[in-house]
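Tertiary structure, described
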Amino acid sequence: MQIGEISQRSGITVRMLRFYEAEGLLRPHRTDSGYRDYSEADVEEAKRIKQLADAGLTVEAMHDLLPCIISPKPTFHPCDRLRARLEGEVAKLDKRLADMERSRSQIAGYLADLPVEVPAVMSQE
DNA sequence: ATTCTAACA
DNA sequence: TGTTAGTA
C-alpha cells in the first residue's frame, strides 16, 4: 500500500512517516517507480510507533522500545534493559518537570510584581 | 491523483 | 512539522 493509506490507518502524518523512515524506524519496500510500499506488518509497527510518539518518547527511545512491544496496546515484553530504559525516560521527565516548575514560579513572580495598569482615559484626565 | 526529494517568507 | 516546488 502507498504512504497515504498507512498514514490514515496509523494516524501518523505522511510527513512523519518519512521522517521516521529516515530515522530507521520503518523500512518499507520501494516500487520500481520509487514509491514506498508498505505491508500489513508495517501498519502494525506504525501503530506501535504512534503509541510511543503519543507518549512523548524520542526516536531514540522508540528504537530501544519497539523491539520489546508485542501488541499495539503496547504490551511490553520483558526484554533486557527494558526496565532501565523506561526508568530513564521517567527520570528525564522528572528533570523536565523540575525545570518547568522553576520557570513557572519565576514567571509567576514577574506577574505578581507587575504594577497595576491605569486605564488611558483616566491617566489623561 | 499521489508520491518523491529537498528546502525554507 | 507544515508547506512549496518540479517530478515520476
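Once a new chain begins, its residue numbering starts again from 1 and follows that chain's sequence as written. Chains carry letters from A onward and ligands carry numbers from 1 onward, assigned in written order. Reporting of local features is limited, given that this is a predicted model, to residues whose pLDDT is at least 70; pairs of side-chain atoms are given and counted only at 80 or more, and all residues count toward the totals for whole chains, interfaces and linings. Excluding hydrogens and water, the side-chain values take into account all heavy atoms of the structure.

Only DSSP runs of H or I with at least four residues qualify as helices, and only runs of E with at least two residues qualify as strands; both kinds are numbered from the N terminus onward. The span one expects for a helix is its residue count, reduced by one, times 1.5 Å. Helix length check: helix α3 (residues 40–54) (15 residues) gives 21 Å between terminal C-alpha atoms against 21 Å at 1.5 Å per residue, within 8%. The set of residues buried in α3 consists of Asp42, Val43, Glu45, Ala46, Arg48, Ile49 and Leu52. The contact definition used throughout considers only heavy atoms, calling two residues in contact when any of these lie within 4.5 Å. Buried-residue contacts for α3 involve α1 (3–10), α2 (14–22), β2 (36–37) and α4 (59–65). Looking one or two places after α3, you find Gly56, whose phi comes out positive at around 80°. Each residue gets one of three labels from its accessible area relative to the maximum for its type: buried under 20%, exposed over 50%, partly exposed in between, using a 1.4 Å probe on protein chains only.

This part covers the protein's contact with DNA strand B. Close contacts around DNA strand B come from Gln2, Ile3, Gly4, Arg18, Arg30, Gly34, Tyr35 and Arg36, and that covers them all. Here the atoms of DNA strand B within 4 Å of the protein split so that 84% fall in sugar or phosphate, with bases taking the remainder. At 3.2 Å from a phosphate oxygen of DNA strand B is found a side-chain nitrogen or oxygen belonging to Arg30. In this classification, the charged set is Asp, Glu, Lys and Arg, the nonpolar set is Ala, Val, Leu, Ile, Met, Phe, Trp, Tyr, Cys and Pro, and all remaining amino acids, among them Gly, are polar. Tallied by class, the residues present in the surface near DNA strand B amount to two nonpolar, three polar and three charged. Nearness is judged by heavy atoms alone; a residue qualifies as near a molecule or strand once a single heavy atom is within 4 Å of it. By the criterion applied in these results, polar contacts are pairs of N or O atoms within 3.5 Å in which, for protein atoms, one can donate a hydrogen and the other can accept it, and in which residues neighboring in sequence qualify only through two side-chain atoms.

The next point concerns the UniProt feature "domain: HTH merR-type" (unreviewed entry) in chain A. UniProt positions are given in the numbering used here, feature names are shortened, and annotations may be inferred rather than shown by experiment. This chain's UniProt record puts "domain: HTH merR-type" (unreviewed entry) on residues 1–68. A helix fraction of 57% and a strand fraction of 6% characterise residues 1–68, whose end C-alpha atoms lie 26 Å from each other.

With that settled, the discussion passes to the protein's contact with DNA strand C. Neighbouring DNA strand C are Thr13, Arg15, Met16 and Tyr35. Taking the atoms of DNA strand C that fall within 4 Å of the protein, sugar and phosphate contribute 24% of them. Contact between DNA strand C and Arg15: a base nitrogen at 2.8 Å from a side-chain N or O atom of the residue. Here the surface near DNA strand C is built from residues that sort into two nonpolar, one polar and one charged.

The source of the domain bounds is an automatic or database domain assignment. Segmentation of chain A into domains returns domain 1 (1–79) and domain 2 (80–114). Taking the mean C-alpha position of each, domain 1 and domain 2 sit 28 Å from one another. Taken residue by residue, the interface counts nine residues in domain 1 and six residues in domain 2. For any pair of parts, buried area is found by adding up, for both, the accessible area (1.4 Å probe) each one loses once the two are put together. Of the roughly 660 Å² buried at the junction of domain 1 and domain 2 (both faces included), carbon and sulfur atoms supply 65%. Here, a salt bridge means any side-chain nitrogen of Lys or Arg that lies within 4 Å of a carboxyl oxygen of Asp or Glu. Linking domain 1 with domain 2 are one salt bridge. The partner of Arg85 in a salt bridge is Asp64, and the shortest N-O contact between them spans 2.8 Å.

Glancing now at the pattern of salt bridges. Going through the model one piece at a time under the given rule, you end up with eleven salt bridges. Ionic pairing is found between Glu45 and Arg48, a salt bridge with its closest N-O pair at 2.8 Å. With Glu45 and Arg48 both in helix α3 and three residues apart, the pair spans about one turn of that helix. The same class applies to Glu45 and to Arg48, which are both buried. Connected through shared salt-bridge partners, Glu5, Arg9 and Glu40 make up one network.

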